[in-house]
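Inside the fold
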Amino acid sequence: MSIQVDGQSLIINDCVSIAAAMRRGSRWSEQRNIGVAAILGGQFGSDGLFADSDSILGSRASKQGKIHSHNSSSASKFKSDDPLLSGLIQLRSMLINTNSISEVDSLTLLQPFLMVVKSPETSGYVTSLALTTLHKVLRYSLLTESSLNAVSALHQTVDALTHCRFQSDNTSDDAVLLRVLGLLQAIVESSVGYLLSDDVLYDIIQTCLSLACNKKRSEVLRKGAEMTISAITVKLFTKLIFINPASHDGNHLDTRDHQLGDVSHSIQPDMIGGTIEPGNPVDKEPSEQHENSKSEIDEQNGEKNLEQQDISNETKGKEQGPQISLNSSVTDDSVPYGIVCIREHFKILIVIINPKKQFETTESTKVLAFQLITTAIEVSGNEFPKHPSLMNLVSDEICHHLLHTIQNVESPAIVTHALALFCTLTVTLGSRLKIQIELILRAICNSIVEISSLESVMAETQKRVLDTPDLEKKTSSKLDETTAASEIDPVASSRHDTPVPGRSPVFKEFLIESLSVFWTRSPLFFTTLYQLYDCDFDRTDLSVDIINFLCRVSLPDSATFTTDNVPPLCLEGLLSLINGFHARVKNMAAKKISLDMLPDNSILERKSRKTDFIYCTKTFDKSFKEGLKTLQEKGFVDNSDDLDELANFFFVKSSRLNKRTLGEFLAKPKNLDLLKKFVGLFDFKGLRVDEALRVLLKSFRIPGESQQIERIVETFAERYVECQNYPKDIDSQLADGENNEHVMPDKDSVFVLSYSIIMLNTDLHNPQVKNQMTLPQYGNILKGTYNGKDFPAWYIEKIYYAIKEREFVMPEEHDGSNNKWFDQMWANLMAEQANYDHSNVQDPKLFTNDSETKAEDIILYDRALFSTCCTNILTSLVTIFNEATDDQIITRMIAGIDKLASVASYFGLNDYVDKILSVLAYMSTLTGSRKTSLNQHEKKSSSSDSFIPTTQILYTESGKTLTVSEMSVWFGRDLKAQLCTVVFFRILQKSGTVASENWKKLMDVLITLFEHGLIDPDLFIEMQQRIGLRGLPHCKPQFQITKSKAKQESGFIASFSSFMKGFSDDAYEPTEEEIESTLSAQDCIKSCNISSLIEGFSKSSSETIAGYVSSMFEHLPQKSPNTFNYVPKLLFIVETAVALTLISEDDKLATETLKNLSNLTLDIEVDDPNELLKPWAVTRLNIYKLLLLHGKGHENSFVLLGAIDQLNQLLEKHKEIVLHYGVPILKPLQLLVVHEGYAQKVLLSKEEYWNILRTLASSPKLSKYVCETVEKIVELEPTLITAGNFMNLLGLLDEISAVGAVGSQWEQEYDRLVESGHNIEKNNTFKDIIDVSIKSIDIASSLSPRIVTPALASEFLNQETNAPDAHPIYSLIQALAHQCFNPCRQIRSHAIQVLQSFILNIDLEYHAIDVEGVFQFGLLPLLAELIKSDVVRTDEKGMIKTQIQAISATCKTILKFQNDFTDLNKVLSDILLLETKLISTNQNRQNFQDETIEILRNVLLVMKPSLDLEQLYMLRLDETLKSLIKDVSFVK
């Protein structure tokens, strides 16, 4: 920092100021002999400041040659003058005669101020001025690394500051000391701070710590010291980044330890400042004094004798006058501080947090130590693995103290900061502290709820929450209100788990808050934890255990043994886990990556191997034989009969086996050889007997039976002696005494000693033994057992106290509360840690973000973890959902359940999706197995048991209807039920496939919604439209009312009115509130988008649909008069089943559905008034059959025949009903008769089929469809027309043609209007019907020669041998002729034209018919019909033209076949007679007579040679005709 004032002026001014302040002080004001010389610069004599040749300042000055010698020689000497003033005056004089301050030695420049700082005689004010000057020197860069003697000056400055003394006035002490702290911090953080040595920086750390931890200091000063030491810690550990590990750690570590001298890893006494009593490093809480604290304090005081001697000397100096000098012991070490100071600072903090020394330091001191360690890890935690000395401290002592603190310390402040440190360690060094983190995490969880109990507890909760009761069970017995309440409140009953005793609820909240950092920090925390631990063969399933722990503690009832904040914190952890799963699955789905596309994962294979091993161990615990068999099956041992392999397996895997079970197995008599081989794998060389025995018993637990113990001890004794390799001259080397360490017992001695050790262990550590064995007693037991002599006393003593200190105990048998057990466990842990090779560690970071990891790399772990924990997670969410009253919590829970289903669906966990759907269906209250909690609550609080009847409201203005019922009202009020319903359908739409069990749930829901008018029954509208099937009927309500949209009265009047109506016979009128609730329910169901769900069925597999259809028929309502709305429910279910069957295209399913439909219509009496299935319902059921029969085999022909017979029966007595369903009947029949081989033959040969078609064809609306059917038969399958059905076909075509007669109504009306002068378009409104009739005529004319062949004629003749017209041609002509007198003139005209064309083109020879037959069976009957008055009256105006056309066609036929007649005179005679009648009928119509006479004239003239005109003339003819014959006869 640049300044405008030169350095000399700045320092000189401060010298004057400090000197002036000192002279005004009480001490210097008493010295009356301070003269002018002193003020002007005297006292440079031989006894002055530089007189002492040992003075650092003098020596420095003389060496540097920077101080002018004439000043010292010319000065006068004043023995009584103060050296502090003299130093300031001398420095002032020196600076006056110096050109630049840089020429002055740094130590010379600072020495007067440092002496003022160290002087106990100066006031706080003077000391503060000196500190200000030192701060200026540092701040203004007057001291830099290039300054002369900078290192020494810096070190002496620190020494002065750490030994700062001044007279206390109790008002300014803290201000001065805060300046000292600020200056120490400034030095460390300054540009020259790196020049500090390890010793000097360590002194700074000790000074700051002593101030921060001294409770006698003020709160402000201690907080200031804490801030300073924190800043220094940051600076110190920041340097760790720049330290080369190779040169500052490892082997170099020990060689530099001497640089800190005899360092005590404890806080030094706080001796800085004014009146402070020495010898109190940290004040202790009086109540926390330990019984042995006196000896510990004496030991501490002994270590500090040197410092206390200095203090004593200072005290004496107060009487002798100021004897102030700089510390000559401070070295000029030019090596900057580094790893040594860092390590020692770390060690002192570790000592502070040591739980074993909890009474030596206060709570605030421990908190500060935890904070500083946390800061160090935060600053440079990633660098620790590069420095083994530091990493060892972290992995061993720090983690050890952390675990012990979390398990045993009750102070909230200490535990909170310990947990903060643990979180920091986990984040930064997680992969390096794998074993420690596992242990601490499990300890945290076990401090709240025992993890070992979670499996049984969650299993019980799952059974209560997820195993929903069946409807049948619910209806079979009435549940009282208590039972019903417990079903709604799954946590109402007590659980078997109990909270961990001894831990306060607040403490448990601290623990959970610390855990919450992990899942907040990383979305991948649980999955990474699973990868690190659960997939590690040697580690526990930590991730699964923590998730199960969260599932348990997130339940609301956990607040009873924790706090109200704990369940929400744990719930956030579960939701974080779910959200992470869902986000990654969504990402994978967006990329269209399925699990099948990912490569195999070796780590997950290890997890599978681990799972198999755990299964094997559990089997082994139950049965040794089955366990060995399973181990071999799973490939863990190749041959369970191979003792060497089995022994090696138990030796290697003993840590993963149940120690008790293994001990019992090995101790069996038949396994003695295996026991020997197992024990033979241990190496006991160099170990005492108790040590060797301890090693052995880490692998298994000794059984309780004495013979088993003897067997094991004997085997151990043999192996122990074998491992020692005793020399051959053992007898000469055996001797007693402490100096001889070679104790070499034989096998018998080891046996006895081992047995005694086991007995001693039981005696010393069994709480039931009151009088424990003493060392002498134990020695007496072993007398004469050492190779015939006594064991050395020192040897027995070591064994005795080793057992007393450390019990033989299995690690899993202690709870960590005993320090000895805890230390033993930790020692084992560190041994395991030492064997873990970190150089090849490829474990993932414990904390990574989604952005740092590809979803493809983690998704397989997600699936494995999810499949393990999903059920417990669902259990917790459902439980919380049931108990929650806050809408936000409710929606978050249901959203979590929805995400669980999405994840499970992607992972292919269909069983889990089924479970979710089952639970949601149950909670929706729509399956009938659960009532809404709102309803129950209100009925409990209400004295009346009111019921809302089903009432249909018709709104007159809009025409819309609304059905209000008990169910719809309560469902509309129940937010939980609505959310469950929405998510239920949402999951169904997304999952695509579910099991049949959930089809039942879906069917229950749909039926309930249908019954209460909340869904449209027509779920398959497309199918209905395709075949023209009308919509399904709705369920009939109990009441029906009309209502306008006008605002109804509300409030008390409306409620009272509704209440009063309940006592009347009038229709129930719902209240506005009930209507509003029903509308809410209706909106909820609309949002479910059930129609899209139905559309999605087309994409489902046939197996899925088959399951649904099967469940639907199981849900058919019971056929009973007591079943309300039986028919609507039945048809709703059946039509849904039929539609799904059609979608599946599964023949097997179709056959099963047809069978179920046949059973429904079996033995139905359509005329029975008591029959529940009315004719229209039976008709609809048969339509379903016809739809399903399309594409099916002949094995279903009996169903087809039954359907046709039943439809025909319905036609006879309920024709209008069948006609109503005509189109949906005809369309499937058309498909059957056109495309199905077996159905064609069955139908076309069945009279009832043709009868149905004829009846349906009689309807103008249906004739079109019948005509289409006939047309396709004729065009596509003409061979199916036989003599047996030919007449049916003609009759059907004739019936279709006859329908067009309705067109005559328009024709005659048109004539009337035209005659009356109206000008209208000639567009017949019945054109479509007429066109169908005309088309039918055309089809009939096309039957020959396509269908009417000689073969058909022959078959026809064989069937009709007695009929003169038994020929298909004659029948066809008759059919065509029949339409020639159709009332509709357009049809008549077309029919005559077609008939004429057909007859004129007949090949008589081909068809083997004669022309007389054509006239006899066709033309002559036609003319006869046209004469009839009832025929003429159908169209009096238009029938004349038809008659003329008929005569014309007849005459043309005669002319065409003139040579084929056998008796032309006979035919013509018949024609003339008919013509006579026609003339008589139309005698008033001259045009008719003229036209017909002219036509006949031409025929007579042409056929004259072949006629007997005279015979014709003799007939009783009209005179006009006779005149015609006469005229023709005279023509030549």
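See above for the structure.
Predicted model, so just to flag it, every value in this text is computed and none were measured. (Residues numbered from 1 in each chain as written. Predicted model: local features only at pLDDT ≥ 70, side-chain atom pairs only at ≥ 80, totals over all residues. Heavy atoms only, no water.)

1. Here's the deal with the nonpolar core
Counting 388 residues, the largest nonpolar core has Phe346 and Phe985 as its most contacted members. Of all the elements, helix H41 (residues 855-883) adds the most residues to this core, at 16 residues. Filtering out sequence-adjacent residues up to four positions away, Phe985 remains in contact with Leu1002, Val1005, Leu1006, Leu1009, Cys1088, Ile1090 and Leu1093. Counting 56 residues, the second-largest nonpolar core is a separate cluster that includes Phe537, Leu628, Ala647 and Phe700. (Core = buried A, V, L, I, M, F, W, Y, C linked by side-chain atoms within 4.5 Å. Buried < 20%, exposed > 50% of the residue type's maximum accessible area, 1.4 Å probe, protein only. Helix = DSSP H or I, 4+ residues; strand = E, 2+ residues; numbered from the N terminus. Contact = heavy atoms within 4.5 Å.)

2. Quick notes on the packing of helix H60 (residues 1247-1257) against helix H61 (residues 1263-1276)
Remark: H60 packs on H61, axes separated minimally by 8 Å, with the N-to-C direction vectors making an angle of 135°. In terms of orientation, H60 and H61 fall into the oblique class. Here the hand of the crossing between H60 and H61 comes out left-handed. Where H60 approaches H61, its residues Tyr1249, Leu1253, Leu1256 and Ala1257 are matched on the opposing element by Ser1263, Val1266, Thr1269 and Ile1273. Classifying every residue of the contact of H60 with H61 by side-chain character gives six nonpolar, two polar and no charged. (Axes fitted to C-alpha atoms, helices over the stretch in contact; angles between N-to-C directions. Parallel < 35°, antiparallel > 145°, perpendicular 65-115°, else oblique. Left-handed = near helix turned anticlockwise from the far one by under 90°. Nonpolar A, V, L, I, M, F, W, Y, C, P; charged D, E, K, R; others polar.)

3. Thoughts on the environment of Ile1440
Inspection of the secondary structure puts Ile1440 in helix H72 (residues 1436-1456). When residues no more than four places from it in sequence are discounted, the contact partners of Ile1440 are Asn1482, Arg1485 and Phe1488.

4. Structural notes on the environment of Leu1419
Mapping Leu1419 onto the fold places it in helix H70 (residues 1411-1427). Residue class for Leu1419 comes out buried when judged on its relative accessible area of 2%. Taking the C-alpha atoms as reference points, Leu1419 and Ala1446, 27 residues apart in sequence, are found 7.8 Å from one another.

5. A short note on the sheet that holds strand S1 (residues 951-955)
Whenever strands of a sheet pair, they do so through backbone hydrogen bonds, lying parallel or antiparallel. If you walk across this open sheet you meet the three strands as S2-S1-S3, and the pairing is mixed. Strands with a single pairing partner mark the edges of an open sheet, and in this sheet they are strand S2 (961-964) and strand S3 (1039-1043). Direction aside, neighbouring strands of the sheet carry axes that sit 25° apart on average. Summarising the sheet, S1 and S3 pair through five bridges and their orientation is parallel. (Pairing = 2+ DSSP bridges.)

6. Comments concerning unusual backbone geometry
A positive phi angle, close to 60°, is found at Asn149, a residue other than glycine. Take Asn149: it is sitting in the loop between helix H8 (124-139) and helix H9 (150-162).

7. Quick look at a nonpolar patch on the surface
A contiguous nonpolar patch, built from Leu1455, Leu1501 and Val1502 and spanning about 210 Å² of accessible area, is present on the exposed surface. With respect to the helices, strands and loops of the structure, Leu1455 is situated in helix H72. Taking the relative accessible area as the measure of exposure, Leu1455 reaches 31% and is therefore partly exposed. (Patch = residues over 30% accessible without salt bridge, like charges linked within 9 Å, V, L, I, M, F, W, Y side chains within 5 Å. Areas by Shrake-Rupley, 256 points an atom, 1.4 Å probe, with all protein chains shown as cover. Salt bridge = Lys/Arg side-chain N within 4 Å of Asp/Glu carboxyl O.)

8. A word on H70
When the terminal C-alpha atoms of H70 are compared, their 23 Å separation across 17 residues agrees well with the 24 Å that a helix rising 1.5 Å per residue should span. Where H70 begins, one side-chain oxygen reaches toward the backbone nitrogen of Glu1412, 3.3 Å away; that side chain belongs to Asp1410. (Expected span 1.5 Å × (residues − 1). Polar contact = N/O pair within 3.5 Å; in protein donor to acceptor, adjacent residues only side chain to side chain.)

9. Digging into the pattern of salt bridges
Enumeration according to the criterion identifies 44 salt bridges in this entry. A salt bridge links Glu219 to Arg222; its shortest N-O distance comes to 2.5 Å. Here the residue Glu219 and the residue Arg222 both occupy positions in helix H12 (residues 219-238), the gap between them amounting to three residues, near one helical turn. Look at Arg222 and you get buried, because its relative accessible area is 11%. A salt bridge links Asp1311 to Arg1385; its shortest N-O distance comes to 2.6 Å. Placement of Asp1311 in helix H63 (residues 1303-1315) and of Arg1385 in helix H68 (residues 1385-1400) is noted, with a sequence separation of 74 residues between them. Judged by relative accessible area, which is 22%, Arg1385 ranks as partly exposed.

10. Topic: the packing of aromatic side chains
Enumeration over the complete set of coordinates arrives at 39 aromatic pairs. Residues Phe581 and Phe866 carry aromatic rings whose centres are separated by 5.5 Å and whose planes lie at 85° to one another, so their mutual orientation is edge-to-face. Placement of the pair is Phe581 in helix H28 (residues 566-590) and Phe866 in helix H41, with a sequence separation of 285 residues. As far as the burial class goes, Phe581 and Phe866 line up, both buried. Their ring planes at 70° and their centres at 5.2 Å tell us that Phe684 and Phe716 sit as a pair that is edge-to-face. Of this pair, Phe684 sits in the loop between helix H33 (672-679) and helix H34 (689-696) while Phe716 sits in helix H35 (residues 706-724); the two residues are 32 residues apart in sequence, bridging distant segments of the chain. (Phe/Tyr/Trp six-rings, centres within 6.5 Å; stacked < 30°, edge-to-face > 60°.)

Purely geometric numbers; function is a separate question.
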